Amino acid sequence: MGSEEDSFVQLPPPEDGVPAATPEQVRQEMERCKELCSALEQDNVKLQMAKEAVEQRTRELRKEGELLHKNLGQQMSLSRDEEKSCQVGISLAKEERNRLRQEKQVLEKKLEEVRKRVLWEDPVKVLPALPEKKMVFKGLVANKEDMNKLMLTPLIHYPLLGGSALITFEKAEVAQRIIEVKEHMVELSYGEELEELERCRVRVQAAPVDVLLPSALEIRLTRSSRSILVSDLPSLGIPEESLLDKLELFFSKTKNGGGEVESREFLDSSGQVVLTFVQDGVAEPLIERGRIQVLIGKGKYELKISPCMSGDITNLQLQPSRCPRTVLLSGIPDVLGEEPMRDTLEIHFQKASRGGGEVDALAYVPAGRHGVAVFMEDAG
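Is there a simple way to explain a negative patch on the surface in this structure?
A contiguous patch of negative charge on the surface is contributed by Glu170, Asp343, Glu346 and Glu358. With respect to the helices and strands, Glu170 occurs in the loop between β2 (164–169) and α2 (172–181). Judged by relative accessible area, which is 48%, Glu170 ranks as partly exposed.

Can you help me understand helix α3 (residues 240–251) in this one?
An α-helix turns once per 3.6 residues; consequently, residues spaced three or four apart project the same way. Given a rise of 1.5 Å per residue, twelve residues ought to cover 16 Å, and the 16 Å separating the end C-alpha atoms of α3 matches this to within 8%. Every buried residue belonging to α3 is among Leu243, Leu244, Leu247, Phe250 and Phe251, and all of these are buried. All buried residues of α3 project into a common sector of 130 degrees when viewed along the axis, lining one side.

Even after reading the chapter, I still don't get the pattern of salt bridges, so can you show me in this structure?
Side chains that differ in sign of charge can pair as their charged atoms come close. Under the counting rule described, the total for this entry stands at 19 salt bridges. Close ionic contact of Asp280 with Arg226 constitutes a salt bridge, the shortest N to O distance being 3.7 Å. Taken as a pair, Asp280 in the loop between β6 (272–277) and α4 (283–289) and Arg226 in strand β4 (residues 201–231) lie far apart in primary sequence, 54 residues in all. Note on Asp280: relative accessible area 53%, which makes it exposed. A salt bridge links Arg342 to Glu338; the nearest nitrogen and oxygen atoms lie 3.0 Å apart. Of the two residues, Arg342 and Glu338 are both situated in helix α5 (residues 338–349); the distance of four residues between them amounts to about one turn of the helix.

Help me understand the packing of aromatic side chains, please; the structure alone is not making it clear to me.
Ring pairs (aromatic) are described by centroid distance and by the angle formed between their planes. A full pass over the atoms with the stated rule returns one aromatic pair. Seen in terms of ring centroids, Phe250 and Phe251 are 5.1 Å apart; in terms of plane orientation they differ by 80 degrees. Their pairing is edge-to-face. The two residues Phe250 and Phe251 agree in class, both being buried.

What am I meant to see in a positive patch on the surface here?
Among the surface-exposed residues, Lys94, Arg97, Arg101 and Lys104 lie close enough to one another that they form a single positively charged patch. Its location among the elements puts Arg101 in helix α1 (residues 23–121).

Would you mind showing me how to read α5 here?
For α5, which comprises twelve residues, the first-to-last C-alpha distance of 17 Å matches the rise-based estimate of 16 Å (1.5 Å per residue) to within 8%. Of the residues making up α5, those classed as buried are Met341, Arg342, Thr344, Leu345, His348 and Phe349. Looking straight down α5, one finds its buried side chains confined to an arc of 160 degrees; they lie on one side.

What counts and what doesn't
Residues numbered from 1 in each chain as written. Predicted model: local features only at pLDDT ≥ 70, side-chain atom pairs only at ≥ 80, totals over all residues. Heavy atoms only, no water. Patch = residues over 30% accessible without salt bridge, like charges linked within 9 Å, V, L, I, M, F, W, Y side chains within 5 Å. Areas by Shrake-Rupley, 256 points an atom, 1.4 Å probe, with all protein chains shown as cover. Salt bridge = Lys/Arg side-chain N within 4 Å of Asp/Glu carboxyl O. Lys, Arg positive; Asp, Glu negative; His and termini not counted. Charge placed at Lys NZ, Arg CZ, Asp CG, Glu CD. Helix = DSSP H or I, 4+ residues; strand = E, 2+ residues; numbered from the N terminus. Buried < 20%, exposed > 50% of the residue type's maximum accessible area, 1.4 Å probe, protein only. Expected span 1.5 Å × (residues − 1). Arc of directions from axis to C-beta. Phe/Tyr/Trp six-rings, centres within 6.5 Å; stacked < 30°, edge-to-face > 60°.

Listed below in structure tokens is the structure:
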């Protein structure tokens, strides 16, 4: 501890001419100093508390700043991620748009191909492009239900062996009587060559004629992608090969819209020409033009260009059918010439006394030869 004197306030000695402080004044000064010291202590306490509060607030602000900095970093990272995501989204959207555009172009191309294929395969839609043919109405009216049906005209090729004949009567009942008899004795005394053999006879057999006729037919029509049908050809009186050469020369030139010709064919039944090109894409523009001026010799002629159609049988059903007016005669020996034997058979089978009747047609094939008879639809 300090000395007792340290517990008292040391007052400076009085200066000369200044009266010394009285005890009361000293006491008052001490009280004032105590109050001042107490105030200072209170201020110190307040300052200490304020300091602690400031330090606490500083720590809180530091934490808040760290949290804000962390949140800001996260937000900036999220913003960068969102920006990247947005850029990726934009890039993906552009790629998707480009993909859809390409897909649209592919679909449009396929649609155009489908349209062309339908045009090429549908015979109804290509009717305006088919070759023109003059038609005359004969007064036959079909039922509406039969308009979409295909009408067939039979043309049957029937093989005839040697030593046989086909005889067609005007009436079916005559043919039926001849068939029922089955075997006939034919007199050969009608020809000039055998006048001395007045009683010579030959034995022949009679049988019905059965042929197979189509009862159902399905045909698939297809249009050639490299061929055209040229019609309305002029009659110039020149050989067919010369006409084909001139057509090939004209249509092989690119300036005429053609191309290299692979083959050419003259259709005798219609007087038209089929030209087939080596490459695809040549025939279609020509067909779309429809008509074209072609230089043949010294003149120009307007020819019609049409699609070349071909048909494939996809389903054919046949059923046997008997020719009601025709009889097959077989076992005919080779004892007369072809013409005398034909006359002999016709004379024999047209006599009513032998069950015959009027003969409409007769075909005879001598032994050792072969023939083919053509049957057409009976209009009678």
